[in-house]
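Structural overview
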Amino acid sequence: MKEFIAFVKVELFHIFRDRRTMLILLGMPVVQILLFGFAITTEVTDCRLMVLGASGDVQAERMAARFDANPYFRLVGWLDSPEAMYEAFRSDRTDMVLVVGDRFSTRLADGTGAALQLVADGTDPNTAHMMMNYARAVAASAVTVPASQGQTVGVTVETHLLFNPQMKSAYNFVPGVMGLILMLICAMMTSLSIVREKETGTMEVLLVSPIRPIFIIMAKAVPYFLLSCVNLATILFLSFYVLHVPVAGSLALLCGISLLLILAALSLGLFVSTLVRTQVAAMIISGMVMMMPVMLLSGIIFPVESMPEVLQWVSHAIPAKWYIAAVKKVMVEGAGFAAVARETAILFTMTVVVIIFSLLKFKQRLE
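Keep in mind the model is a prediction, meaning the values are calculated, not measured.

What counts as what
Residues numbered from 1 in each chain as written. Predicted model: local features only at pLDDT ≥ 70, side-chain atom pairs only at ≥ 80, totals over all residues. Heavy atoms only, no water. Helix = DSSP H or I, 4+ residues; strand = E, 2+ residues; numbered from the N terminus. Buried < 20%, exposed > 50% of the residue type's maximum accessible area, 1.4 Å probe, protein only. Contact = heavy atoms within 4.5 Å. Areas by Shrake-Rupley, 256 points an atom, 1.4 Å probe, with all protein chains shown as cover. Patch = residues over 30% accessible without salt bridge, like charges linked within 9 Å, V, L, I, M, F, W, Y side chains within 5 Å. Salt bridge = Lys/Arg side-chain N within 4 Å of Asp/Glu carboxyl O. Core = buried A, V, L, I, M, F, W, Y, C linked by side-chain atoms within 4.5 Å. pLDDT = per-residue confidence, 0-100. Axes fitted to C-alpha atoms, helices over the stretch in contact; angles between N-to-C directions. Parallel < 35°, antiparallel > 145°, perpendicular 65-115°, else oblique. Left-handed = near helix turned anticlockwise from the far one by under 90°. Phe/Tyr/Trp six-rings, centres within 6.5 Å; stacked < 30°, edge-to-face > 60°. Lys NZ or Arg CZ within 6 Å of the ring centre and 35° of its normal.

1. With respect to the overall build of the protein chain
Within the protein chain, the regular secondary structure consists of 14 helices and 7 strands. In the protein chain, buried positions account for 44% of the 367 residues. Taking contacts inside the protein chain between residues at least 6 apart in sequence as the whole, the part at least 24 apart equals 75%. As displayed, the protein chain offers around 19,000 Å² of accessible surface, 66% of which is attributable to carbon and sulfur atoms.

2. Quick notes on a nonpolar patch on the surface
Residues Phe173, Val177, Phe237, Leu238, Phe240, Tyr241, Val242 and Leu243 make up a contiguous nonpolar surface patch of roughly 740 Å² in combined accessible area. Here the nonpolar patch takes 4 residues from helix α9 (residues 213-241), the largest share from any one element. As for its position among the elements, Phe173 is in helix α7 (residues 170-200).

3. Considerations on the nonpolar core
Nonpolar side chains in soluble globular proteins tend to be buried together. Grouped together as the largest cluster of nonpolar side chains are 62 residues, with contacts concentrated most on Met85, Val97, Met178, Ile257, Tyr323 and Met331. Of the residues forming this core, the biggest block, 13 residues, is contributed by α7. If you look at the next biggest cluster of nonpolar residues, it comprises 24 residues, including Val51, Ala60, Leu116 and Val157.

4. Side note on the confidence of the model for the protein chain
Averaged over every residue, the pLDDT of the protein chain is 78; the share at 70 or more is 80%. Within the protein chain, the element-level pLDDT minimum falls on strand β5 (residues 145-146), averaging 47, and the maximum on helix α13 (residues 319-332), averaging 89. Counted against residues more than four places away or in other chains, residues 145-152, with its pLDDT under 50, gives 12 contacts.

5. Considerations on the environment of Val330
Examined against the element boundaries, Val330 turns out to sit in helix α13. The spatial distance from the C-alpha of Val330 to the C-alpha of Leu251 is 8.3 Å, given a sequence separation of 79 residues. Beyond its immediate sequence surroundings of up to four residues, Val330 is in contact with Ala248, Gly249, Ser250, Leu253, Leu254, Ile257, Ala335 and Val340.

6. Thoughts on the packing of α7 against α13
Contact geometry of α7 with α13 gives a least axis separation of 9 Å together with a crossing angle of 140°. As the angle between them shows, α7 and α13 are arranged oblique. You can see that α7 and α13 cross each other, and the crossing is right-handed. Of the residues in α13, those in contact with Tyr171, Asn172, Val174, Pro175, Gly176, Met178, Gly179, Leu182 and Met183 of α7 are Pro319, Ala320, Tyr323, Ile324, Val327, Lys328, Met331 and Val332.

7. Points about the side chain of Thr351
Topologically, Thr351 is positioned in helix α14 (residues 341-366). Taking relative accessible area as the criterion, Thr351 reaches 2% and is therefore assigned buried. Dropping the residues within four chain positions of it, Thr351 is found in contact with Leu260, Leu263 and Ala264.

8. A few points about the side chain of Arg48
The topology assignment puts Arg48 in strand β1 (residues 47-52). Its relative accessible area of 16% is what places Arg48 among the buried residues. With near-sequence residues (within four places) excluded, Arg48 lies in contact with Arg74, Val76, Asp92, Arg93, Thr94, Asp95 and Met96.

9. Some points on the pattern of salt bridges
Using the criterion set out here, one finds 3 salt bridges in the structure. A salt bridge links Asp92 to Arg48, with the nearest nitrogen and oxygen atoms 2.9 Å apart. Highlighted residues: Asp92 in the loop between α4 (82-90) and β3 (96-100) and Arg48 in strand β1, separated in sequence by 44 residues. Owing to a relative accessible area of 35%, Asp92 belongs among the partly exposed residues under this scheme. Where Arg48 meets Asp95, a salt bridge forms, and the shortest distance between an N and an O atom there is 3.0 Å.

10. Considerations on the environment of Ile300
Within the secondary structure, Ile300 is located in the loop between α11 (279-297) and α12 (309-315). Of the residues examined, Ile300 reaches a relative accessible area of 12% and is grouped as buried. The spatial distance from the C-alpha of Ile300 to the C-alpha of Lys321 is 8.2 Å, given a sequence separation of 21 residues. If near-sequence neighbours (up to four positions away) are discounted, Ile300 is found in contact with Asn172, Gly176, Leu180, Val294, Met295 and Ile324.

11. Let's talk about the packing of aromatic side chains
The final tally for this structure, using the stated rule, is 5 aromatic pairs. Between Phe67 and Phe73, the aromatic rings sit 5.2 Å apart at their centres with planes inclined by 85°, giving edge-to-face as the arrangement. Each member of the pair Phe67 and Phe73 is classed as buried. Ring centres of Phe240 and Tyr241 lie 4.9 Å apart, and the angle between their planes is 80°; this geometry places the pair in the edge-to-face category. Exposure remark for Tyr241: the relative accessible area of 53% places this residue in the exposed category. Feature note: the residues Phe237, Phe240 and Tyr241 constitute an aromatic cluster, connected by ring pairs. Between the NZ or CZ atom of Lys321 and the centre of the ring of Trp322, over which it lies, the distance is 4.8 Å.

Following this line, the structure appears as structure tokens:
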């Protein structure tokens, strides 16, 4: 029994001495419970609303104020034309538009009733459906006046989804899965490839060759870049011909944005390889540690706008979030480069920063 207790003490000593093991054992559960507790929510708490038409109508303005007072909605402006409405959706300035027809107050007062139309972005059908339900309840109770016959005249609410009127879920999850696959596969394969050389002792043999170390690392990454391009082509082929998700925008723009994400993921894999020495550790970091933030904080499953502000700021540092937002605009909405210039610029900056930082970090480890 004494020998058994001695072995237990030795094992505990080894665990406590390894800071990375302690971080995984004690730190990972804390991170997981906080992420899952705050990030996993299906509620829509910050729906940006715009109103189209009837800006001088008293009842319309009263209804807009009613929406703005609701905790689920935030009035961000008025629109004057359907073209402006489409532009607002493509530029990501609104999540829903309340369309008010002419003579809205008059139709309510004379007993004929009035109709409203709720227009939402259908690229995320689950979120759009929930926003529609909230908005329909608010609109139906916002303006109710007695008709001349003594009956109560309410508001007829019609709904319409842009870009995805059939509410196909593939329009939402295909761009998200594209970002998830490219991020994880590229980062994981690159880190494992380099760590494998270090673990087997062949990295030193490569470094003493006439080729400069930077070119050795680039040579290790190029094959995975080419294979990732093949994965991208396969994903787009299956999405279009099997899942029937259209590529409404420019295919060249879509591929260019995807190549930026691939480069960023390869650089992250290079950075992971500078932190660990074994393939198991590289698999844990590049797989498990990256998978949770990408799945929870990039908007693949849960709306980022409904998360606490701290997690929203954290999500800004995830390249997949900006990639998924850009892909939805190009692939589903048919937007051009101007609509995704912000996401592309952020993704390009992230890619350059990660590449430079990873190469510098790797060079420091070599020295």
